[in-house]
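Structure assessment
Take a look at the letters that make up each chain.
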Amino acid sequence: GSEMCIGDRENIANSSSRGPAHDGRIKPDISATGSNVYSTIENYDYGVKSGTSMSCPGVSGSLAVLYSAFEDINGDKPEAGLMKSIVLNTADDLGVEGPDFIFGWGRINVRKAYEAIQNIDYQSGTLADGDSVNIALNIPANLHSAKIMVYWTDPEASVGASTALINDLDMTITDPNSNLLLPLILDPTPNASTLNNPAVPGEDHLNNVEQVVLSQPTGGVYNIKVKGYDVAQGPQKFFVTYWFEEEKITLTYPLGGESFVPF
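This text gives an overview of the structure that appears in the document. Please read all numbers here as calculations on a predicted model, not as lab measurements. (Residues numbered from 1 in each chain as written. Predicted model: local features only at pLDDT ≥ 70, side-chain atom pairs only at ≥ 80, totals over all residues. Heavy atoms only, no water.)

What follows covers the sheet that holds strand E4 (residues 132–139). In space, the 4 strands of this open sheet follow the order E4-E11-E6-E7, with antiparallel pairing throughout. What marks the edges here is a single partner per strand, and that holds for E4 and strand E7 (180–181). Bridge analysis of strand E6 (residues 167–174) against strand E11 (residues 220–231) gives 8 bridges, and the strand direction is antiparallel. Within E11, the position partnered with Ile173 by the bridge is Ile224. (Pairing = 2+ DSSP bridges. Helix = DSSP H or I, 4+ residues; strand = E, 2+ residues; numbered from the N terminus.)

Here it is as structure tokens:
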């Protein structure tokens, strides 16, 4: 995954690269603070540095903690695809609504990712070409939002392939009122203005990750359908993860008598 630098006001650092990938895939994957980070540096010292060299270890360290937590809870280590899916789906959205070519799926939120692991907010399955799997998910009432994601570790493409995706899975969701919901997609056309357009629902045949976001969803049973649209090298294992955002504020800091230093 890619990491981006986020400044003090949750804006993108000028030095950060943008997506998409050469074939239109969404990049970056995840964002993390990388500007003016106080950390260990060379020669057994401490200092302040900026860049993806600082945001990347922040994400790596966060994932190391989450891997350890998963093993503590479940007794075994998770698959990398599951962990990536959980991290992307529980990220705090930044920039335009939904995934974008600047922040990806948002800023990593370790607390939410841990809660998703703890609550077992995920399932897995395997699909061959043309097959489909249905998952009934009960979404509680009075939520602020709900996010549902399918992710699969796609086989490697040939170097320079015009489309990198090998196995194409498609997710659709039917809500309690029989409305069909599609995942969010971006317009990867190399145009400076349209690259900044918000994601809209549609069919995704570029990415190995698809996400449906529900705003103030009606409580009830939602039917998640994952289909093997074009599985050239199957069978393909996939993960479905979900996150329910409640209408509440969770205090994460300070918790132990910490104090803030004024500017």
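Once that is clear, we can look at the packing of aromatic side chains. Following the criterion strictly, the structure yields 3 aromatic pairs and no others. Taking the centre distance of 6.0 Å and the plane angle of 20 degrees together, the rings of Tyr38 and Tyr46 count as stacked. Relative accessible area serves as the criterion here: at 61%, Tyr38 is assigned to the exposed category. Exposure remark for Tyr46: the relative accessible area of 51% places this residue in the exposed category. (Phe/Tyr/Trp six-rings, centres within 6.5 Å; stacked < 30°, edge-to-face > 60°. Buried < 20%, exposed > 50% of the residue type's maximum accessible area, 1.4 Å probe, protein only.)

Relative to E11, E4 runs antiparallel, the two being bridged by 8 bridges. Considered in E11, the bridge of Leu137 is made with Tyr222.

Our focus in this paragraph is the pattern of salt bridges. By the definition in use, this model includes 10 salt bridges. For Asp23, the salt bridge identified is with Arg25, shortest N-O distance 2.8 Å. Since its relative accessible area comes to 9%, Asp23 is described here as buried. Given a relative accessible area of 22%, Arg25 falls into the partly exposed group. For Glu79, the salt bridge is made with Lys237, and the minimal N-O distance between the two is 2.4 Å. With Glu79 in the loop between helix H1 (52–74) and helix H2 (80–89) and Lys237 in strand E12 (residues 236–246), this residue pair connects regions lying 158 residues apart in the sequence. For Glu79, a relative accessible area of 40% corresponds to the partly exposed category. Owing to a relative accessible area of 33%, Lys237 belongs among the partly exposed residues under this scheme. One network of salt bridges, with partners in common, ties together Lys27, Asp29 and Lys84. (Salt bridge = Lys/Arg side-chain N within 4 Å of Asp/Glu carboxyl O.)

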